[in-house]
Amino acid sequence: MADRAPNINRSRVHEELVQRLSMQNIPGSDRKLFPTIRELLCFAALLGFSEQRRVPLDRSQGVEDISYQQFEREPAAEDLLWTIAVAETGDVEVLREGEEIRCAQIFEEYANGGLGLIKDFMLRNGGEYPDRALMALLKERKYLQPAQAEPDLAAIKF
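Counting from 1, residues in each chain are numbered in the order their sequence is written. Whole-chain, interface and lining totals are the exception, using all residues; otherwise, since this is a predicted model, local features are given only for residues with pLDDT of at least 70 and side-chain atom pairs are given and counted only at 80 or more. Excluding hydrogens and water, the side-chain figures rest on all heavy atoms present in the structure.

1. Regarding the overall build of the protein
Numbered from the N terminus, helices here are DSSP runs of H or I no shorter than four residues, and strands are runs of E no shorter than two. What the protein contains, in helices and strands, is 6 helices and 2 strands. Per-residue accessibility, obtained with a 1.4 Å probe over protein chains only, is compared with the maximum for each type, and a residue is labelled buried under 20%, exposed over 50%, and partly exposed between these values. Expressed as a percentage of its 158 residues, the buried residues of the protein come to 37%. Counting only contacts in the protein whose residues sit at least 6 apart along the sequence, the fraction spanning at least 24 positions is 71%. Summed over its atoms, the accessible surface of the protein is roughly 9,600 Å², and 49% of this surface lies on carbon and sulfur atoms. Asp and Glu are treated as the negative residues and Lys and Arg as the positive ones, with His and the ends of the chain left uncounted. All charge positions are set by atom: Lys at NZ, Arg at CZ, Asp at CG, Glu at CD. Side-chain charges in the protein split into 20 positive and 27 negative, and the spacing between the mean points of these groups amounts to 6 Å. Two residues form a contact once any of their heavy atoms are found within 4.5 Å. Surface exposure here means Shrake-Rupley accessible area, sampled with a 1.4 Å probe, where a residue is shielded only by the protein chains that are shown.

The structure is reproduced here in structure tokens:
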């Protein structure tokens with residue numbers, strides 16, 4: 001890809017949610033659910049892609065951006081951006097030089113869709129504990145399956 005990829009934008013529509021999930025500590029804890037906004041956007045983009053929820057950014061509400069360098073510092077995050085673009089288009093030609101803005105836009109729109117899903121779920125189910133809310137969302141959408149209990153072998157007699 002080119003030496004200078006575009007910054008990654010997010011809609012201000014979800015800014016309160018973004019700040020809550022990436023900047024505030026989980027209640028009763030000294031840790032954040034997502035240590036960086038980049039990690040939150042990657043999670044949201046994967047969720048949006050998995051749910052086929054691609055939503056253009058509402059630029060009339062304003063946008064915030066993250067320097068592309070934040071993605072370059074974490075190869076898995078950068079790879080995810082390009083992977084989602086290839087999966088969406090079904091064509092590796094999207095990786096050609098000059099297509100960086102298109103790839104970024106695809107990622108941004110899926111992240112926007114994922115943030116919308118998270119926001120809607122938290123509004124419906126309360127969001128006092130965002131970590132629990134996200135786990136419940138993933139269970140509801142069948143991304144997490146409850147672990148099956150080990151069978152009670154003590155009850156078996158020979």
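There's more to say after this.
2. Re the environment of Leu 33
Along the chain, Leu 33 turns up in the loop between helix 1 (15–22) and helix 2 (37–50). Spatially, the C-alpha atoms of Leu 33 and Met 23 are 8.4 Å apart, while their sequence positions differ by 10 residues. In this structure Leu 33 touches Leu 21, Ile 26, Pro 130, Asp 131 and Leu 134, once residues within four positions along its chain are discounted.

3. What about the nonpolar core?
With 37 residues, the main nonpolar core has Ile 8, Leu 41, Phe 71, Leu 81, Phe 107 and Ile 118 as its most contacted residues. Ranked by residues supplied to this core, first place goes to helix 5 (residues 100–125) with 11 residues. Apart from residues lying up to four places away in sequence, Leu 41 is in contact with Ile 8, Arg 10, Ile 66, Phe 107, Ala 111 and Leu 115. As used here, the term nonpolar core means buried Ala, Val, Leu, Ile, Met, Phe, Trp, Tyr and Cys residues forming a set that is joined through side-chain atoms within 4.5 Å.

4. What to know about unusual backbone geometry
One non-glycine residue, Gln 52, adopts positive backbone phi at about 55°. For Gln 52, a relative accessible area of 71% puts it in the exposed group. Despite not being glycine, Lys 142 has its phi angle at roughly 70°, a positive value. Within the element layout of this structure, Lys 142 appears in the segment after helix 6 (130–140).

5. Topic: helix 2
Between its first and last C-alpha atoms helix 2 spans 20 Å; for 14 residues at 1.5 Å apiece the expected length is 20 Å, and the two agree. Turning to helix 2, its buried residues are Ile 37, Arg 38, Leu 40, Leu 41, Cys 42, Ala 44, Ala 45, Leu 47 and Gly 48. Two residues or fewer past helix 2, Gln 52 is found with a positive phi of approximately 55°. Expected span of a helix: the number of residues minus one, times 1.5 Å.

6. Things to note about the environment of Leu 137
Along the chain, Leu 137 falls in helix 6. According to the relative accessible area criterion, Leu 137 is buried, its value standing at 2%. A C-alpha to C-alpha distance of 6.8 Å links Leu 137 and Phe 121, two positions 16 residues apart in sequence. Residues in contact with Leu 137, not counting those within four places in the same chain, are Leu 47, Ile 118 and Phe 121.

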